[in-house]
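# Secondary and tertiary structure notes
Each chain is listed here by its residues.
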Amino acid sequence: MFYYAAFVTHRFTRVVIIIFTLLLAIASCVAATQLEQQFSLNWFIPSDSYLRHHIDATDEFFLSGAPLNVYGTAFDHASNRESIREVLDVVDASPYVDVGTRGWLRAFDVARPSLVDAANDTLWRVELQSWLQREGRQYSSDVRFDDAGMIVASRHSAQFIQLNSSQEEVDAMQALRDDVERVLLANRLDTGDMFPFSFQFLFWEQYAVIYVEAARNLGLSIGVVFVISLFLLPQLVVALSVFL
């Protein structure tokens, strides 16, 4: 034991231990940057189940991107329909969107070309309601009116390209939000008047915050360990040695 203690406390040995510890810390940090975050519900489905065979066949032969909707809230759609068109155009132009926006506004523009730039907003709303009840009834579930005939909610659909990593999913979600927000602000609309959303955002949101959350939690844990070490070992050098 005496020889071991003398060996460990020797200056050369201490230098080697410090260098090895630093190299190990650097290697750990570099390795941590190579980690990829990903999650799939398919991991929890038994590989020999009928559902898993169905999902595998779908992924192999009919793989497609996540569905996307562009929602409008209770702002004046009639007087801002050109702004809506600009939002739809910027969504179509996104490199992350595979199938462009489909919905009631463009279909109504084609069906009623004389109303595209109509100055009478009341006439436009009346004609839209009439069209949705007849030849445009396939879009009737995408537009909601209040008792006064004002649009209180609307929806247009689109589809993402196939995204192959969690980082691509985060980039697509944030880029689309930024593009829509930029158009809304340029047209002096509130950023909540229209917004893109996909049910997959529920999963993609976690990828966007997991790095920050992990760093904060690790930092707090390390800080607590150091404080406890300093409290139990009231010598700074000894506390630092235990901490490291």
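That block above? That's the structure.
All chains use their own residue numbering, which begins from 1 and follows the written sequence. Only residues with pLDDT of at least 70 get local features here, since the model is predicted, and only at 80 or more are side-chain atom pairs given and counted; chain-wide, interface and lining totals rely on the full set of residues. Side-chain measures were taken over the full set of non-hydrogen atoms in the model, leaving aside hydrogen atoms and water.

### Focus: helix 6 (residues 121-133)
To keep it simple, the criterion reads: Secondary structure elements follow DSSP: runs of H or I of four or more residues count as helices, runs of E of two or more count as strands, with numbering from the N terminus. Helix span, as expected, comes to 1.5 Å for every residue beyond the first. Exposure classes here rest on a 1.4 Å probe applied to the protein chains alone. A residue is buried below 20% of its type maximum, exposed above 50%, and partly exposed in between. Relevant arc is that of directions from the helix axis to the C-beta atoms, nothing else. The contact rule is simple, with two residues in contact once any of their heavy atoms fall within 4.5 Å. In protein, a polar contact means a hydrogen-donor-capable atom and an acceptor-capable atom, both N or O and within 3.5 Å, with residues adjacent in sequence counting only if both atoms are side-chain atoms; elsewhere, any N or O pair within 3.5 Å suffices.
The end-to-end C-alpha distance of helix 6 is 19 Å, a good match for the 18 Å that 13 residues give at a rise of 1.5 Å each. Those residues of helix 6 that sit buried are Trp124, Arg125, Leu128, Trp131 and Leu132. What you see down the axis of helix 6 is that its buried residues fit within an arc of 130°, all on one side. Elements in contact with the buried residues of helix 6: helix 4 (81-92), helix 5 (104-111), strand 3 (143-145) and strand 4 (151-160). Of the residues that open helix 6, the one with a side-chain oxygen 3.1 Å from the backbone nitrogen of Thr122 is Asn120.

### Remarks on the packing of helix 4 against helix 5
Put simply, the rule is: Simply put, an axis is a line fit to the C-alpha atoms, just over the touching stretch for a helix, and the angle between two N-to-C directions goes from 0 to 180 degrees. When describing relative orientation, an angle under 35 degrees is termed roughly parallel and one over 145 degrees roughly antiparallel, while 65 to 115 degrees is termed roughly perpendicular and anything else oblique. The hand of a helix crossing depends on one turn: near helix anticlockwise from the far one by less than a right angle means left-handed, and clockwise means right-handed. Residues are grouped as follows: nonpolar covers Ala, Val, Leu, Ile, Met, Phe, Trp, Tyr, Cys and Pro; charged covers Asp, Glu, Lys and Arg; every other residue, Gly included, is treated as polar.
Packing of helix 4 against helix 5 leaves a shortest axis separation of 10 Å and a crossing angle of 120°. In terms of orientation, helix 4 lies oblique with respect to helix 5. Two packed elements cross with a definite hand, and for helix 4 against helix 5 that hand is left-handed. Across the interface between the two elements, Arg81, Ile84, Arg85, Leu88, Asp89 and Asp92 of helix 4 pack against Leu105, Arg106 and Asp109 of helix 5. Classifying every residue of the contact of helix 4 with helix 5 by side-chain character gives 3 nonpolar, no polar and 6 charged.

### With respect to the nonpolar core
To keep it simple, the criterion reads: The term nonpolar core refers to a set of buried residues drawn from Ala, Val, Leu, Ile, Met, Phe, Trp, Tyr and Cys, joined through side-chain atoms within 4.5 Å.
Core analysis: the largest hydrophobic core is formed by 39 residues, its most contacted members being Trp104 and Trp124. The dominant element in this core, judged by the number of residues it contributes, is helix 7 (residues 166-186), at 7 residues. Ignoring anything within four residues of it in the chain, the contact list for Trp124 reads His77, Ala78, Arg81, Trp104, Leu105, Phe108, Leu115 and Ile151.

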